[in-house]
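Topology and contacts: notes
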Amino acid sequence: MVHVFAYEPRQPQPWDAPPPASFVTVNTTEGKSGGGIEFGVPTTYMQGKGQSDTPSGVTAQLAGLMASLKYSHPLWNWFDVKAALRATASNYATGYNPLAYGYGSIDYYAANTIRDAATLPLFAPAAVVLGREGARLSFAINSFRQSRRYTEVLFRFATRPRPQPKELTLADINTMGGHLVFSNLRTDASTYSYQVPSKVASFLVWFTQDVHGIFSRIESYSIIDPIEQ
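This structure is a prediction, so every number in the text was calculated from the model and none was measured.

**Describing the overall build of the chain**
Within the chain one finds four helices and ten strands. Reading the chain from its N end, one meets helices and strands in the order β-β-β-α-α-α-β-β-β-α-β-β-β-β. In terms of overall dimensions, the chain is globule-like: its C-alpha atoms have a radius of gyration of 18 Å, near the 17 Å expected for 229 residues. Projected onto its principal axes, the C-alpha coordinates of the chain cover approximately 55 × 40 × 30 Å. Looking at the chain as a whole, 50% of its 229 residues qualify as buried. Sequence-distant contacts in the chain: of pairs separated by 6 or more residues, those separated by 24 or more amount to 66%.

Structure (structure tokens):
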């Protein structure tokens, strides 16, 4: 089961808030956008089938379309359904944009043409900083558990990396200056405590990795801003 929620925050959300991993946020493309939104749906989508000009209305419409995708792809899990919608949405090529409905307007028809979950791109976990005690930083990690996912991995960079529009290899990340910090080896742990290096500014980036050693691309929300002891 997956919950679909209307994106209607009562106050502005942090611009770098990640879109949810285990549920869905959506609004009309004529409505509010911001940090943590995942999709937009035009009020006239599908020639008025399920048409609504309210956030709640397009939320119900997206829930129905996701159910249709799941029915057409019975071997997919809900993360695969979300991955297919993300990969075919209007902003995927340029990257997640909180000012333009996250991954953008959905394309149900394009998502439905994808057959094999193994061809879906990897998506990073929704990881946020819970707090800090001394030199130790605590994370909450919500894994994006699509079929390709093997583990979550944390890398440290001395300078802020740029978002990357493609999946990466370990060599790619090392060339960018990334250093492996942690891999949870597919455990069910949802928290991680990181010891901040002394006198070293660090940008932290969370990735999802598959069994072939391929890593998810870098989205703006994957980058945790500089941390220094």
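The discussion continues.
**Side note on the pattern of salt bridges**
The tally for this structure, following the rule as stated, stands at seven salt bridges. Between Arg-86 and Glu-38 there is a salt bridge whose closest N-O contact spans 2.8 Å. Of the two residues, Arg-86 is situated in helix 2 (residues 78–88) and Glu-38 in the loop between strand 2 (24–28) and strand 3 (39–41); the sequence distance between them amounts to 48 residues. Just as Arg-86 is buried, Glu-38 falls in that class too. Several salt bridges share partner residues, and in doing so they unite Glu-38, Lys-82 and Arg-86 into one network.

**A closer look at the side chain of Gln-146**
In this structure, Gln-146 sits in the loop between strand 5 (136–142) and strand 6 (151–157). For Gln-146, a relative accessible area of 2% corresponds to the buried category. At 2.8 Å, the side chain of Gln-146 and the backbone oxygen of Pro-121 are in polar contact. Discounting residues that sit within four places of it in the chain, Gln-146 has contacts with Asn-77, Phe-79, Asp-80, Ala-83, Leu-120, Pro-121, Leu-122 and Phe-123.

**Re the sheet that holds strand 4 (residues 126–133)**
Strand order in this open sheet of three strands is 4-5-8, and the pairing throughout is antiparallel. Here the strands that pair on one side only, and so sit at the sheet edges, are strand 4 and strand 8 (191–195). On average, adjacent strands in this sheet sit at an angle of 25 degrees to one another, irrespective of strand direction. Bridge count for strand 5 against strand 8 is five bridges, and the pairing is antiparallel. Residue Arg-136 lies in a different strand from strand 8, and its bridge partner there is Gln-195.

**A few points about the pairing of strand 2**
Along any regular strand the residues' side chains alternate between the sheet's two faces. Across the five residues that make up strand 2, a large majority, five, are buried. Sheet topology note: the strand 2/strand 3 ladder contains three bridges and is parallel. Following the sheet pairing, Asn-27 is matched in strand 3 by Gly-40.

Quick notes on the rules
Residues numbered from 1 in each chain as written. Predicted model: local features only at pLDDT ≥ 70, side-chain atom pairs only at ≥ 80, totals over all residues. Heavy atoms only, no water. Helix = DSSP H or I, 4+ residues; strand = E, 2+ residues; numbered from the N terminus. Rg over C-alpha atoms; globule rule 2.2 N^0.38 Å. Buried < 20%, exposed > 50% of the residue type's maximum accessible area, 1.4 Å probe, protein only. Contact = heavy atoms within 4.5 Å. Salt bridge = Lys/Arg side-chain N within 4 Å of Asp/Glu carboxyl O. Polar contact = N/O pair within 3.5 Å; in protein donor to acceptor, adjacent residues only side chain to side chain. Pairing = 2+ DSSP bridges. Axes fitted to C-alpha atoms, helices over the stretch in contact; angles between N-to-C directions.

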